[in-house]
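Inside the fold
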Amino acid sequence: VKVPIDLQRSLVDTQINDRSDTFRKDFFPYATISEWNDWKWQLKNRIHSQKELERIVALSGDEIEGIRRHKGSLPLCITPYYASLIDRDDPEQAIRRSVIPVSAEFLKGPGEADDPLEEDKHSPVHGIVHRYPDRVLFLVTNFCSTYCRYCTRSRMIGIDGKNNFNMSHWNEAIAYIEQTPTIRDVLISGGDPLTLPDEQLSWLLSRLRRIPHIELLRIGTKVPVVLPQRITGTLIRILRRYHPLWMSIH
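Residues numbered from 1 in each chain as written. Predicted model: local features only at pLDDT ≥ 70, side-chain atom pairs only at ≥ 80, totals over all residues. Heavy atoms only, no water.

So, on to the overall build of the chain. Of the regular secondary structure elements, the chain holds 12 helices and five strands. Relative to the globule expectation of 18 Å for 250 residues, the C-alpha radius of gyration of the chain, 20 Å, shows essentially globular dimensions. In terms of principal-axis extent, the alpha carbons of the chain reach across some 65 × 55 × 25 Å. Looking at the chain residue by residue over its 250 residues, the buried ones come to 46%. Within the chain, contacts between residues at least 6 apart in sequence are counted, and of these 73% link residues at least 24 apart. On the chain, roughly 13100 Å² of surface is accessible, and the fraction owed to carbon and sulfur atoms is 53%. On the chain, the mean spot of the 34 positive side-chain charges and the mean spot of the 32 negative ones are 4 Å from each other. (Helix = DSSP H or I, 4+ residues; strand = E, 2+ residues; numbered from the N terminus. Rg over C-alpha atoms; globule rule 2.2 N^0.38 Å. Buried < 20%, exposed > 50% of the residue type's maximum accessible area, 1.4 Å probe, protein only. Contact = heavy atoms within 4.5 Å. Areas by Shrake-Rupley, 256 points an atom, 1.4 Å probe, with all protein chains shown as cover. Lys, Arg positive; Asp, Glu negative; His and termini not counted. Charge placed at Lys NZ, Arg CZ, Asp CG, Glu CD.)

Quick look at the structure:
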């Protein structure tokens with residue numbers, strides 16, 4: 001039986017597992033299940049301060065120090081959904097360690113670089129990293145729904161300024177790819193490209209698909225893990241148009 005699109009949408013809007021529902025009722029009681037399942041609501045209600053986080057977890061002294069010492073890029077930001085998976089009492093839980101700063105984050109050892117992969121050195125135009133002849137990394141945003149403390153681009157993620165990306169940067173990057181026929185593989189990353197609006201993501205994929213020498217399109221993302229509400233029927237239909245398409249889950 002084919003379920004009408006409107007009914008499919010209503011079923012998704014009302015589905016929630018017990019753990020998420022308990023968390024929603026405890027910490028976001030004003031949010032309906034439909035709002036909880038809306039990825040834009042999740043982004044709007046991200047946890048980004050010590051005060052907000054203390055409602056949810058019993059912060060350790062080390063975590064408090066890490067949050068207070070932070071400044072600049074890679075801010076504290078966690079979607080409500082992902083926060084629902086954090087263990088309240090165990091500061092060593094893997095999920096918790098990956099998203100809450102600790103003081104060791106600010107230690108820098110001998111030989112440790114801000115740009116450990118030397119991406120800036122291999123960037124011919126803004127947003128492109130071209131280290132290998134046949135492939136490029138195409139950075140399209142510096143925004144993520146949840147910031148991982150181990151991010152290799154921590155120097156540039158999550159802040160306004162010179163590392164922002166706009167249509168002009170995208171066009172410049174695409175022009176470079178078009179003018180470099182040795183490139184056959186494009187990895188779209190950021191930030192997280194799946195945080196872009198559907199229209200912008202579709203435009204990017206369509207422009208890259210029009211380049212004859214591009215054989216592989218990949219998307220690097222953590223959205224399916226930290227913001228599963230983003231995986232909508234509309235997004236799936238957009239991605240389906242541009243197959244073959246690969247997705248690397250960070």
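Let us now look at the environment of Ile56. Relative to the elements of secondary structure, Ile56 occurs in the loop between α5 (50-54) and α6 (61-69). A relative accessible area of 4% places Ile56 in the buried class.

Once that is clear, we can look at the nonpolar core. If you look at the biggest cluster of nonpolar residues, it comprises 65 residues, and the most contacted ones within it are Leu53, Ile78, Phe138, Ile177, Val186, Leu205 and Leu208. Beyond its immediate sequence surroundings of up to four residues, Ile78 is in contact with Arg46, Ile47, Leu53, Ala83, Ile86, Val99, Ile100 and Thr146. (Core = buried A, V, L, I, M, F, W, Y, C linked by side-chain atoms within 4.5 Å.)

A separate point is helix α9 (residues 167-178). Along its 12 residues, α9 runs 16 Å from first to last C-alpha, staying within 8% of the 16 Å computed at 1.5 Å per residue. Of all the positions in α9, only His169, Trp170, Ala173, Ile174, Tyr176 and Ile177 are classed as buried. For α9, the angular spread of buried residues about the axis comes to 155 degrees, placing them on one side. In this structure, the buried residues of α9 make contact with β1 (128-132), β2 (135-139), β3 (185-189) and α10 (198-209). For α9, the side-chain oxygen to backbone nitrogen distance between the N-cap and Ser168 is 3.0 Å, and the N-cap itself is Asn166. (Expected span 1.5 Å × (residues − 1). Arc of directions from axis to C-beta. Polar contact = N/O pair within 3.5 Å; in protein donor to acceptor, adjacent residues only side chain to side chain.)

Distances and angles like these do not, on their own, reveal function.
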